[in-house]
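# Residue-level structure breakdown
This is what each chain is made of:
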Amino acid sequence: MIDSHCHLDFPQFDADRDEVLARSEAAGVTALVNPGADLESSRRAVALAERHATIYAAVGVHPHDAATLDGPALAELRQLAAHPKVVAIGEIGLDYYRDLSPRDRQRAAFDAQLALAAELNLPVIVHQREAAADVLAALRAWAGGGHSGCVLHAFAGEEAMADEAVAQGFYLGLGGPLTYRNARRLPEIVPQLPLERLLLETDAPYLPPHPYRGQRNEPAYLALVAHRLAELRALPLETLANQVTENTRRAFRLKPDTGST
Ligand SMILES: [Zn+2]
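All values derive from a computational prediction rather than experimental measurement. (Residues numbered from 1 in each chain as written. Predicted model: local features only at pLDDT ≥ 70, side-chain atom pairs only at ≥ 80, totals over all residues. Heavy atoms only, no water.)

## Some details on the overall build of the chain
A tally of regular secondary structure across the chain gives nine helices and eight strands. For 261 residues, the compact-globule estimate of 2.2 N^0.38 gives 18 Å, and the C-alpha radius of gyration of the chain, at 17 Å, lies within 12% of that figure. Dimensions of the chain along its principal axes, counting C-alpha atoms only, are 45 × 40 × 35 Å. Here the chain holds 261 residues, and the buried ones make up 58% of them. Expressed as a percentage of contacts within the chain between residues at least 6 apart in sequence, the contacts between residues at least 24 apart total 72%. Just so you have it, the chain exposes about 10,900 Å², and 50% of that area is on carbon and sulfur atoms. With 25 positive and 34 negative side-chain charges, the chain shows a separation of 2 Å between the mean positions of the two kinds. (Helix = DSSP H or I, 4+ residues; strand = E, 2+ residues; numbered from the N terminus. Rg over C-alpha atoms; globule rule 2.2 N^0.38 Å. Buried < 20%, exposed > 50% of the residue type's maximum accessible area, 1.4 Å probe, protein only. Contact = heavy atoms within 4.5 Å. Areas by Shrake-Rupley, 256 points an atom, 1.4 Å probe, with all protein chains shown as cover. Lys, Arg positive; Asp, Glu negative; His and termini not counted. Charge placed at Lys NZ, Arg CZ, Asp CG, Glu CD.)

Here it is in structure tokens:
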């Protein structure tokens, strides 16, 4: 399996990163995509990908830090993205829940990084919270008659997002919240989505699946999300895992054997 979204470069893993990687491999996670959150984290993601064959990087500035994306920062992202192990621009998007950067700066940073992805022919990894309408409008304008690929990360069950994903050929990232006992929308909508559009992710160190809520998440827990997805789709775990791994390779244009055990 491939963890399509985790932040192993974050300081939460500084003390035991190698053990975390060993545990994830033992749990069947044989490749990971580590998106950047700001310029510094994007640099760290690329450095990690250089050190570990199983780690791929994405580079981008998260909406929380959108106000930091100036001309030189965008130029450095472009430079970092040329690295052969950079598979996407991300994570980028809009977050109107926390509003840590002014909304006009968020929209400007999102548009600039969408344009960068189109220029470099790379897929994007999109974060949104309470900003679905604006994210969808931006993605619709960006996609036009075609696009370089898009993963809607941390899909929370919004119908408008799902409809757009299906219509445009975007991918939906499913993580820990799928396993939550009080989850409502997700267990209802996930069985109806096209299986070939679904990816698995942990978003570690955030959003740990049940029964690890409240603790640090790590990629080894991807198996719990996979179990829950297999249950919801009424598929044997192995069939589900193979299909989703195939989806992840397609989404990020990884080598055909990436993620296989
Ligand atoms: Zn993330």
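## Section: the coordination of the zinc ion
For the zinc ion, every protein donor is listed as H5 (NE2), H7 (NE2), E91 (OE) and D203 (OD), and the spread of their distances is 2.1 to 2.4 Å. In this structure, the zinc ion is coordinated by four donor atoms arranged in irregular fashion, with angles at the metal of 86 to 176 degrees. Residue classification places E91 among the buried positions, given a relative accessible area of 3%. (Donors = N, O, S within 2.8 Å, 3.2 Å for Na, K, Ca; no water. Tetrahedral: all angles 85-135°; square planar, octahedral: opposite > 155°, others 65-115°.)

## Details of helix α5 (residues 132–143)
The end-to-end C-alpha distance of α5, which contains twelve residues, comes to 16 Å, matching closely the 16 Å that a straight helix rising 1.5 Å per residue would cover. Residues of α5 that are buried: A132, V135, L136, A138, L139, W142 and A143. Angularly, the buried residues of α5 cover 165 degrees about the axis, an arc narrow enough to put them on a single face. Projecting away from the buried face of α5 at angles above 90 degrees are the exposed residues A133 and A141. (Expected span 1.5 Å × (residues − 1). Arc of directions from axis to C-beta.)

## Digging into the layout of surface pockets
The space that makes up the largest pocket amounts to roughly 960 Å³. For the largest pocket, the lining is made up of 39 residues, of which H127, R129, A154, D203 and L207 are closest to its centre. Of all the secondary-structure elements, those providing two or more residues to the lining of the largest pocket are β4 (86–95), β5 (124–129), β7 (171–174) and α7 (185–189). No other element matches the three residues that β5 contributes to the lining of the largest pocket. Residue composition of the lining of the largest pocket, by class: 15 nonpolar, eleven polar and 13 charged. (1 Å grid on protein atoms, 1.4 Å probe; cavity = no way out; pocket = protein on both sides within 12 Å on 5 of 7 lines; lining within 4 Å. Points joined across faces, edges and corners; volume = space filled by probe spheres on them. Nonpolar A, V, L, I, M, F, W, Y, C, P; charged D, E, K, R; others polar.)

## Here's the deal with the pairing of β5
Burial within β5 is extensive, with five of its six residues counted as buried. Sheet analysis places β4 next to β5, joined by five bridges and oriented parallel. Counterpart to L94 in the pairing with β5 is Q128. In this fold, the crossover linking β4 to β5 by way of helix α4 (residues 103–120) has right-handed handedness. Looking at chain direction, β5 and strand β6 (residues 150–152) are connected through three bridges and run parallel. Bridging from a neighbouring strand, V124 pairs with C150 of β6. (Pairing = 2+ DSSP bridges. Right-handed = clockwise from strand over helix to strand, strands pointing away.)

## Focus: the environment of L48
Assignment of secondary structure puts L48 in helix α2 (residues 39–51). Separated by 31 residues in the primary sequence, L48 and Q79 place their C-alpha atoms 17 Å from one another. If near-sequence neighbours (up to four positions away) are discounted, L48 is found in contact with L8, D9, R17, N34 and I55.

## Here we look at the sheet that holds strand β8 (residues 198–200)
Across the sheet, eight strands lie side by side as β1-β2-β3-β4-β5-β6-β7-β8; this open sheet has parallel pairing. Edge positions in the sheet fall to β1 (2–3) and β8, since each has one partner strand and no second.

## Looking at the packing of helix α3 (residues 71–80) against α4
With their axes 11 Å apart at the nearest point, α3 and α4 run at an angle of 30 degrees to one another. Classed by the angle they form, the pair α3 and α4 counts as roughly parallel. Note on packing geometry: the crossing formed by α3 with α4 is right-handed. Every residue of α4 that contacts α3 at L74, L77 and R78 is listed here: A112, Q113, L116, E119 and L120. A breakdown of the residues in the contact of α3 with α4 according to their chemical character gives five nonpolar, one polar and two charged. (Axes fitted to C-alpha atoms, helices over the stretch in contact; angles between N-to-C directions. Parallel < 35°, antiparallel > 145°, perpendicular 65-115°, else oblique. Left-handed = near helix turned anticlockwise from the far one by under 90°.)

## Some words on helix α6 (residues 159–168)
Among all positions in α6, only M161, A162, E164 and A165 are buried. Angular distribution of buried residues about the axis of α6 spans 165 degrees; they occupy a single face of the element. Of the residues in α6, the exposed ones pointing more than 90 degrees away from the buried face are E159, D163 and A167. Buried residues along α6 sit against β5, α5, β6, β7 and α7. Two residues or fewer past α6, G169 is found with a positive phi of approximately 75 degrees.

Keep in mind these values describe shape, not function.
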